[in-house]
Amino acid sequence: MRLRLLLIAAAALLLAGCPSDDDDDSAIGDDDDTTPDRGPSPYTLDDVLQLHHVQAKGTHNSYHVEPENPFDSSHRYTHAPLEEQLELHGVRQFELDLHYRTGEGFEIFHLPIVDEETTCRALEDCLGAIRTWSDANPWHLPIMIWFEPKDDVDAIDDTLAELSGRWEELDAAILDSIPRSRIITPDDVRGGYDTLPGAIAEQGWPTLGEVRGTVLFSMLDGGDHRDEYVGDTPNLAGKLMFVHGDGVDAPFSATFKMNDGTDPEVAVRVAAGFLVTSNAGQAPDGDPAHWNASLEGGPNFISTDFPAVREGWYAEIPEGAPARCNPVSAPAECTPAEVENLP
């Protein structure tokens, strides 16, 4: 599979990893061929650096708009639209809270009634903004998107429905906005190995040359929603999304959300090749000391409420252009400009 990906990348086609050779490919859905022409690569280490070698900025509740009367002080922040976060603030990881409204489909917001303001309510609008920016910047790092099922209190709004049983519909909705060839799936990482941890231990994630211009999705849930999505495919064969890991040995474990980036276990998992997202710099005030300590702890994506310049402090990736070499996992020859260097 790697060889085929490299050949395609050399032909300057925009990819998200080639489809698996497994018989489950057809379960993913149809692709489209509307990929931008990238021209020659501006990077010299794209066949050396892999996705787990990077560290980039992310945002927590990436759609969030501060309500007029915040119910809690942790709701006191407003994010720019997703495309502006990508373009102006160097964000490469989003967290989108997922709901389902009867007759409307999937929506993105925090909590019904008390904290419902959002820059892109309809899922297709959120993904469409990401796709448009990606089309215009085809050499970007992969964009990680966490979907957090957030229907636990949706019963207070009788127009909202449970998410259970809607995962095939979610996959279809994703593919309506972003084609399969632009998505890194579990099959693309697992290849011929039986489990995702086994593949990661032996070969790591794809090289940056294989996956620039792509996105990957992961479900931020460790309970019933995740178990239902995994179903009878514990290694996620044929699935579109990754899921939050359950220890390092579960056959589906590849991506983790570990809230404290200074937890020593973060560095252990990053060094082993897993992708880890951690929170730092949260509302209402942010915490520069915790952000800086998290940077050195090695999460691949550090998720903040304050990605942009503001009075006093904001979350910044040192020397990032906008991302940098991961201090835990990157090889010595890595430089920030070889990770990503967009205008």
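Conventions and cut-offs
- Residues numbered from 1 in each chain as written.
- Predicted model: local features only at pLDDT ≥ 70, side-chain atom pairs only at ≥ 80, totals over all residues.
- Heavy atoms only, no water.
- Salt bridge = Lys/Arg side-chain N within 4 Å of Asp/Glu carboxyl O.
- Buried < 20%, exposed > 50% of the residue type's maximum accessible area, 1.4 Å probe, protein only.
- Helix = DSSP H or I, 4+ residues; strand = E, 2+ residues; numbered from the N terminus.
- pLDDT = per-residue confidence, 0-100.
- Contact = heavy atoms within 4.5 Å.

### Some points on the pattern of salt bridges
For the coordinates displayed, the defined rule picks out 19 salt bridges. Note that Arg-121 is salt-bridged to Glu-116, the shortest N-O span being 3.2 Å. On the basis of relative accessibility, which here comes to 17%, the residue Glu-116 falls in the buried class. Between Asp-246 and Arg-226 there is a salt bridge, and its shortest N-O distance comes to 3.4 Å. In this pair, Asp-246 sits in the loop between β7 (242–244) and β8 (253–260) while Arg-226 sits in helix α8 (residues 224–230), placing the two residues 20 residues apart along the sequence. We classify Arg-226 as buried; its relative accessible area is 5%. Shared partners join several salt bridges into a network, and the residues in it are Arg-101, Glu-107, Glu-116, Arg-121 and Asp-157.

### A few points about the confidence of the model for the protein
Residues with a pLDDT of 70 or more make up 89% of the protein, whose mean pLDDT is 90. Contacts from residues 1–30, a stretch scored under 50 in pLDDT, to residues over four places away or in other chains number 74 contacts.

### Focus: unusual backbone geometry
Of all residues except glycine, most have a negative phi; of all peptide bonds, most are trans. Here the residue pair Ala-283 and Pro-284 is connected by a cis peptide bond, since its omega of 10 degrees sits within 30 degrees of zero. Among the secondary structure elements, Pro-284 is positioned in the loop between β9 (275–279) and α10 (288–297). Look at the link from Ala-321 to Pro-322: it is a cis peptide, with omega at 10 degrees. Within the secondary structure, Pro-322 sits in the loop between β10 (301–304) and β11 (324–325). Even without a glycine there, the phi angle at Asn-61 is positive, about 45 degrees. Counting through the fold element by element, Asn-61 comes out in the loop between β1 (54–59) and α2 (82–88). By relative accessible area, Asn-61 is classed as buried at 2%. Its identity as a non-glycine residue notwithstanding, Leu-236 has a phi of 65 degrees, on the positive side. Structurally, Leu-236 is set in the loop between α8 and β7. Look at Leu-236 and you get buried, because its relative accessible area is 0%.

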